[in-house]
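# Report on the structure
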Amino acid sequence: MAYLLDMQHVEISYNGRPVVRDVSLTVEPGEILGIVGESGSGKSTIIKAAMGLLGNGGAVTKGDIYYKGQNVLDAKPEDRKKLQGPAMGMIFQNTGASLCPIRTIGSQLYESVRAHEKTSRQEVEQRAIALFEKMRLPEGKRMLNSYPFELSGGMNQRVGIMMAMALQPKLLFADEPTSALDVTVQAQVVKEMMEMRKLYGTGIVIVTHNIGVVEYMADKIAVMHNGRLVECGKTKDVIRHPREAYTKELIGAVPRLKRG
């Protein structure tokens, strides 16, 4: 069986200058991979490359990225559209800032889903409310009728999870999804992401500087430093027996989330 995500010897450059070098990572169906490292280590750049979101000047200059055996770098635009959303979803660091401030959550969700499938606004709304209920958020209707600025940072991140999961992708990327939240809300958002894995068998790649979050939720951990992968393995093995001095520093510096 093909890996859900398979990155082989990937180099990523901006304007011809490599910022990520020779990174190889895999994710199996239903597996959670945590990518940790300080700011500028290249961890967010990796998932942006997989999603085709590197922006101007950014390109994968070496290596390959496969989704279920399909090389996403060689995909035609129409095939990439089928991957972005229906196959691979994305939760951004600040969902509220990534949404249009003058349109309701519901209208933006409908437009996003409608780009990939023929459906009614009512069906999309029912789907969203069901997702909110699975996240133990009973005010789904109110949230859909709200504008991003009317919701708290924590609620906007819940909206981000709901919107990313609306098409039930098999792979979910989360780019620092808890970094702007207080500790209590961080734990809630993390538990809700894990609930999506439990309910839908979703594979997750979470990028964070917080090794405590990764220790709580990830099956595997990858440690990035200065654009290179310095350590990778099962989370419990890396946490208990880190090989690299940089990994030991990360483990010693960050508070843990307790399973409850």
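Check the entry above for the structure.
Now for a quick tour of the structure. Only a predicted model underlies this, so the values are computations on that prediction, with no experimental measurement involved. (Residues numbered from 1 in each chain as written. Predicted model: local features only at pLDDT ≥ 70, side-chain atom pairs only at ≥ 80, totals over all residues. Heavy atoms only, no water.)

## As for the sheet that holds strand S2 (residues 17–27)
Ordered by their spatial adjacency, four strands build an open sheet running S2-S1-S4-S5, and the pairing between neighbours is antiparallel. Looking at strand neighbours, the two that pair on one side only are S2 and strand S5 (70–71), the edges of this open sheet. Relative to S5, strand S4 (residues 58–67) is paired through two bridges, and the arrangement is antiparallel. Opposite tyrosine 67, over in S5, you have glutamine 70 as the bridge partner. Against the sheet, helix H1 (residues 43–51) engages strand S1 (5–14), S2 and S4, with an angle of about 105 degrees to S1. (Pairing = 2+ DSSP bridges. Helix = DSSP H or I, 4+ residues; strand = E, 2+ residues; numbered from the N terminus. Contact = heavy atoms within 4.5 Å. Axes fitted to C-alpha atoms, helices over the stretch in contact; angles between N-to-C directions.)

## What about the sheet that holds strand S6 (residues 88–91)?
Spatially, the six strands line up as an open sheet ordered S6-S7-S8-S3-S9-S10, and their pairing is mixed. Of all strands in the sheet, those bounded by a partner on one side alone are S6 and strand S10 (228–234). Taking the axes of each pair of neighbouring strands and ignoring which way they run, one obtains an average angle of 15 degrees across the sheet. Sheet topology note: the strand S7 (residues 171–175)/strand S8 (residues 203–208) ladder contains five bridges and is parallel. When the sheet's bridge partners are listed, phenylalanine 173 is paired in S8 with valine 205. Against the sheet, helix H7 (residues 153–165) contacts S6 and S7, and its axis sits at roughly 170 degrees relative to S6. Across the sheet, helix H11 (residues 245–253) is in contact with strand S3 (32–36), strand S9 (220–225) and S10; its angle to S9 comes to roughly 110 degrees.

## Observations regarding the nonpolar core
In this structure, Leu109, Val159, Ile161, Met162, Met193, Ile206 and Met217 are the most contacted members of the largest nonpolar core, which totals 49 residues. Those residues in contact with valine 159 that lie beyond four places of it in its chain are Leu99, Ile105, Phe132, Met143 and Leu151. Membership of the second largest hydrophobic core comes to 31 residues, among which are Val10, Val19, Leu54 and Ala87. (Core = buried A, V, L, I, M, F, W, Y, C linked by side-chain atoms within 4.5 Å. Buried < 20%, exposed > 50% of the residue type's maximum accessible area, 1.4 Å probe, protein only.)

## Some thoughts on the environment of isoleucine 91
For isoleucine 91, the location among the structural elements is in strand S6. Note on isoleucine 91: relative accessible area 1%, which makes it buried. With 86 residues separating them in the primary sequence, isoleucine 91 and leucine 5 have C-alpha atoms 17 Å apart. When neighbours within four sequence positions are excluded, isoleucine 91 is seen to be in contact with Gln157, Gly160, Ile161, Ala164, Leu172, Phe173, Ala174, Asp175, Pro177 and Met193.

## Examining H11
Turning to H11, its buried residues are Tyr246, Thr247, Leu250 and Ile251. End-on, the buried residues of H11 take up no more than an arc of 135 degrees, which puts them together on one face. Looking at H11, the residues exposed on the side facing more than 90 degrees away from the buried face are Ala245, Glu249, Gly252 and Ala253. Where H11 is buried, its residues meet S3, helix H9 (211–217), S9, S10 and helix H10 (235–240). (Arc of directions from axis to C-beta.)

## Comments concerning unusual backbone geometry
For lysine 68, which is not a glycine, the phi torsion comes out positive at approximately 50 degrees. As for its position among the elements, lysine 68 is in the loop between S4 and S5. A relative accessible area of 48% means that lysine 68 is categorised as partly exposed. Located in the positive-phi region is glutamate 176, a residue other than glycine, with phi close to 50 degrees.

## Some words on the packing of helix H5 (residues 121–134) against H7
Direction vectors running N to C along H5 and H7 enclose 125 degrees, while the axes themselves pass 10 Å from each other. Classified by the angle their axes make, H5 and H7 are oblique. Judged by the twist between their axes, the crossing of H5 over H7 is right-handed. In this structure, H5 uses Ala128, Leu131 and Phe132 to contact H7, whose residues at the interface are Arg158, Val159, Met162 and Met165. (Parallel < 35°, antiparallel > 145°, perpendicular 65-115°, else oblique. Left-handed = near helix turned anticlockwise from the far one by under 90°.)

## Observations regarding the pattern of salt bridges
Summed over all chains, the structure comprises nine salt bridges. Among the salt bridges present, the one from lysine 43 reaches glutamate 176, with a minimum N-O distance of 3.7 Å. Remark: glutamate 176 occurs in the loop between S7 and helix H8 (183–200) and lysine 43 occurs in helix H1; sequence separation between them is 133 residues. Glutamate 176 carries the same exposure label as lysine 43, and that label is buried. With its nearest N and O atoms 3.0 Å apart, the salt bridge here joins glutamate 111 to arginine 103. Since its relative accessible area comes to 48%, glutamate 111 is described here as partly exposed. (Salt bridge = Lys/Arg side-chain N within 4 Å of Asp/Glu carboxyl O.)

In short, the description is geometric, and any link to function would need to be established separately.
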